[in-house]
Amino acid sequence: MGIFRKTSPRRSQLRKNIPFDRFRQISRFVNRDNLLSALIWVAFVVLCVAVLSFDFDGRPVYRTVILTSILVVLVCVVALLYVAHYQKRLIKNHARAVSLAALFVLLLAATKLVALLFSHTCGATGSAVAAAIILSLAYDQRFTMGVCVLFAILAVFAVGSQQPEQLSNINLLLTMLAGVMTCCFSLQEIRTRMKLLKVSAVAATMVFLTATTVGLLAEGGKSVDVLSSAGYHAGITFLVGLLIQSLLPLIEKALRVATSMTLLDYSDANQPLLKRLAMEAPGTFSHSLLLGSIAEAAAEAISRNGLLCRVGAYYHDIGKLNKPGYFAENEMGSGSKHKELSPAMSQLIIVGHVKDGIEMAKEYALPMVLRQFIETHHGTTLIEHFYHQAQKQTAKKVRSKASEPPAESEFRYPGPKPRTKEAAIVMLADTVEGAVRSLAEITPTKIEAVVHNMAMKRLQDGQFDGCEISLRELSQIEASISKTLAAHYHGRIAYPLRPDIPASEQTGSDAPAGKNS
């Protein structure tokens, strides 16, 4: 009876849609980014197998290649899953993925070369420490440790046991991990030239202690070569730090990252863009300096990169250099040039400073990490002043059939919205500083009210949707900004005579009131 049972129309429709849904799921997975990432992964596996299989130990080549391929595929599959879980951007950022793969292949080849030429395993320790230092500059601590552990496994098999007195595989792995973990935990940022040298010295000490301990345990405390071997491992660890110190600018350009030392260089007032800003748009320059202090304190309140916020704030308004006179902070007592323009034209000029800033950043080769503050410091917010002016002009022409109310989308910045918490902090600080400056009387209570209202306004407008900022962090940022602004606009004791009038021309009635100014 079940054979001749009729199928309902709904079930028939679902059966027809099953192939389409499966095809859509497959096409969603098999896209251009995933295919290119797969090709990069395959190329990396092939190169690693070629490096690890290059040996002269007398074993059949095919056996070495097969066993090495199995090992490399297993390790690389784990690495691929780890990258997909903690650094998804590498799937789309193919240039960064190629740089990372090339770095590992180069270090693995150097490890193999040192092992074959000098019959020593210290090259593995040096390459692992080099990977840890370089990746600590470009990625977070967790990702660096995980990837370096996987690289250390490959490096151990790259050197093997070269001599009887050398460290065994497990002892070599422990020695390498000692250097890797020390660098990962010690090297969070580089603000001074001595930082990398200090980290290298500490890592060399940890490597020496670890290599000596595991060597003595393996030899039963009788081997006199243990200290010599540990010295080689510690020495190459320190030399790697010196080498990376000298090559740091090239490494930053290759990986497209900016260390704290680079940010400090760009915070120098003698930088061409900042010098131009101080000369041609002094009001904007003063505003940027104040904004940098506000944003740095707010970022540190939520344990983010305060230095990045400060330097990003210095450059966020460089686009105003093209038309500095059209911005209020640069008017210097002269009348506003926007009185002669329509709201639509004024809106184009105001919005244009973001695009001009990005063009200037490219022209002066600013790091990518600083360009985000230029393009996101307004997000997609509404230019309220000129939007309301356009509404008023439209209301006066309401009898005319040709007049239409202005669209709100026409008076919004093009974006994008902030993608990092540092960019969101600069956006909020920029908005709040301008709003507080417009107050007739500035008090701590009014500052707190303005900061909270502007933060809620940006939150409800969806400006923080792309940076994953929490309400708790937003509250901490509000408190920090309020405190910094209150300290900046602090009260002063009133002068006995008005400072803007010569003392000889003042009378008793000219003296200011007793309130603070």
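All values derive from a computational prediction rather than experimental measurement.

Regarding the overall build of the chain
Phase 1: From N to C terminus, the chain includes 21 helices and zero strands.
Phase 2: Looking at the chain residue by residue over its 517 residues, the buried ones come to 43%.
Phase 3: Considering only intrachain contacts with a sequence separation of at least 6, the fraction spanning at least 24 residues in the chain is 74%.
Phase 4: Carbon and sulfur atoms provide 61% of the accessible area of the chain, an area that totals close to 28600 Å².

Description of the pattern of salt bridges
Phase 1: According to the stated counting rule, one finds ten salt bridges in the structure shown.
Phase 2: The partner of Glu-422 in a salt bridge is Arg-304, with the nearest N and O atoms 3.3 Å apart. With Glu-422 in helix α19 (residues 421-437) and Arg-304 in the loop between α14 (282-301) and α15 (306-315), this residue pair connects regions lying 118 residues apart in the sequence.

Concerning the packing of α14 against α15
Phase 1: The geometry of α14 relative to α15 is characterised by a closest axis approach of 7 Å and an angle of 160° between their N-to-C directions. One finds that α14 runs roughly antiparallel with respect to α15. Regarding α14 and α15, the two cross each other, and that crossing is right-handed. Seen from α14, the contacting residues are Ser-288, Leu-289, Leu-291, Gly-292, Ala-295, Glu-296, Ala-299 and Glu-300; seen from α15, they are Gly-306, Leu-307, Cys-309, Arg-310, Ala-313 and Tyr-314.
Phase 2: Here the residues of the contact of α14 with α15 sort into eight nonpolar, three polar and three charged.

Some words on the packing of aromatic side chains
Phase 1: Taken as a whole, this structure holds six aromatic pairs when the rule is applied.
Phase 2: Of the aromatic side chains, those joined through ring pairs into one cluster are Tyr-82, Tyr-86, Tyr-139 and Phe-143.

Notes on the confidence of the model for the chain
Phase 1: For the chain, mean pLDDT is 84; residues scoring 70 or higher make up 84% of the total.
Phase 2: The least confident element of the chain is helix α1 (residues 9-29), whose mean pLDDT is 55; the most confident is α15, at 95.
Phase 3: The low-confidence segment residues 161-165 (pLDDT under 50) makes eight contacts with residues lying over four places distant or belonging to another chain.

Thoughts on the packing of helix α20 (residues 444-460) against helix α21 (residues 471-488)
Phase 1: Relative orientation of the contacting elements α20 and α21 amounts to 145°, with a least axis distance of 9 Å. The way α20 lies across α21 gives a crossing that is right-handed. Residues Pro-444, Ile-447, Glu-448, Val-451, His-452, Ala-455, Met-456 and Leu-459 of α20 form the contact with α21, whose own contacting residues are Leu-471, Leu-474, Glu-478, Ile-481, Ser-482, Leu-485 and Ala-486.
Phase 2: Split by residue class, the contact of α20 with α21 holds eleven nonpolar, two polar and two charged.

Some words on the nonpolar core
Across soluble globular proteins, nonpolar side chains have a tendency to be buried as a group.
Phase 1: Val-72, Phe-104, Leu-108, Leu-135, Phe-143, Met-176 and Ile-244 are the most contacted members of the largest nonpolar core, which has 63 residues in total.
Phase 2: Broken down by element, the residue count for this core peaks at twelve residues, all from helix α7 (residues 141-159).
Phase 3: Apart from the residues within four sequence positions on either side, Leu-108 is in contact with Cys-48, Val-51, Leu-52, Phe-151, Leu-154, Ala-155 and Ala-158.
Phase 4: Membership of the second largest hydrophobic core comes to 50 residues, among which are Ala-299, Ala-361, Leu-370 and Ile-447.

Considering unusual backbone geometry
Phase 1: Following Gly-415, the chain continues into Pro-416 via a peptide bond in cis, with omega recorded as 5°.
Phase 2: As for its placement among the helices and strands, Pro-416 is situated in the loop between α18 (384-396) and α19.
Phase 3: Even without being a glycine, Ala-365 presents a positive backbone phi close to 55°.
Phase 4: Relative to the helices and strands, Ala-365 resides in the loop between α16 (343-363) and α17 (368-376).
Phase 5: Backbone geometry places Glu-468, a non-glycine residue, at a positive phi of 55°.
Phase 6: The topology assignment puts Glu-468 in the loop between α20 and α21.

Focus: α17
Phase 1: For α17, every residue scored as buried is listed here: Leu-370, Arg-371, Gln-372, Phe-373, Ile-374 and Thr-376.
Phase 2: The secondary structure elements touched by the buried residues of α17 are α12 (260-266), α15, α16 and α19.

Focus: a nonpolar patch on the surface
Phase 1: Together, Tyr-62, Ile-66, Leu-67, Ile-70 and Leu-74 make up a nonpolar patch on the protein surface, roughly 550 Å² of accessible area in all.
Phase 2: Locating Leu-67 in the fold gives a position in helix α3 (residues 61-86).
Phase 3: Since its relative accessible area comes to 45%, Leu-67 is described here as partly exposed.

Side note on the environment of Gly-231
Phase 1: Within the element layout of this structure, Gly-231 appears in helix α10 (residues 226-246).
Phase 2: In this structure Gly-231 comes out as partly exposed when scored by relative accessible area, which is 32%.
Phase 3: C-alpha of Gly-231 to C-alpha of Thr-212: the two residues are 19 residues apart in sequence and 8.7 Å apart in space.

A closer look at the environment of Leu-439
Phase 1: One can find Leu-439 in the loop between α19 and α20.
Phase 2: Along the backbone, Leu-439 and Val-450 are eleven residues apart, and their C-alpha atoms lie at a distance of 9.6 Å.
Phase 3: Ignoring sequence-local partners within four residues, the contact set of Leu-439 consists of Lys-446 and Val-450.

Considerations on the side chain of Ser-267
Phase 1: Along the chain, Ser-267 turns up in the loop between α12 and α13 (272-280).
Phase 2: Only 2.7 Å separates the side chain of Ser-267 from the backbone oxygen of Leu-264, close enough to count as a polar contact.
Phase 3: Not counting residues up to four positions away in its chain, the partners in contact with Ser-267 are Leu-274, Arg-310, Val-311 and Tyr-314.

Observations concerning the state of the cysteines
Chemically, a disulfide is nothing more than a covalent bond linking the sulfur atoms of two cysteines.
Phase 1: For the structure on display, the rule yields zero disulfides.
Phase 2: Free of any disulfide, Cys-76 has its nearest neighbouring cysteine sulfur in Cys-48, separated by 5.1 Å.
Phase 3: Assessed through its relative accessible area of 2%, Cys-76 is described here as buried.
Phase 4: Of all cysteine sulfurs in the structure, the one in Cys-148 sits closest to Cys-184, which takes part in no disulfide; the separation is 5.2 Å.

The rules behind each value
- Residues numbered from 1 in each chain as written.
- Predicted model: local features only at pLDDT ≥ 70, side-chain atom pairs only at ≥ 80, totals over all residues.
- Heavy atoms only, no water.
- Helix = DSSP H or I, 4+ residues; strand = E, 2+ residues; numbered from the N terminus.
- Buried < 20%, exposed > 50% of the residue type's maximum accessible area, 1.4 Å probe, protein only.
- Contact = heavy atoms within 4.5 Å.
- Areas by Shrake-Rupley, 256 points an atom, 1.4 Å probe, with all protein chains shown as cover.
- Salt bridge = Lys/Arg side-chain N within 4 Å of Asp/Glu carboxyl O.
- Axes fitted to C-alpha atoms, helices over the stretch in contact; angles between N-to-C directions.
- Parallel < 35°, antiparallel > 145°, perpendicular 65-115°, else oblique.
- Left-handed = near helix turned anticlockwise from the far one by under 90°.
- Nonpolar A, V, L, I, M, F, W, Y, C, P; charged D, E, K, R; others polar.
- Phe/Tyr/Trp six-rings, centres within 6.5 Å; stacked < 30°, edge-to-face > 60°.
- pLDDT = per-residue confidence, 0-100.
- Core = buried A, V, L, I, M, F, W, Y, C linked by side-chain atoms within 4.5 Å.
- Patch = residues over 30% accessible without salt bridge, like charges linked within 9 Å, V, L, I, M, F, W, Y side chains within 5 Å.
- Polar contact = N/O pair within 3.5 Å; in protein donor to acceptor, adjacent residues only side chain to side chain.
- Disulfide = S-S within 2.5 Å.

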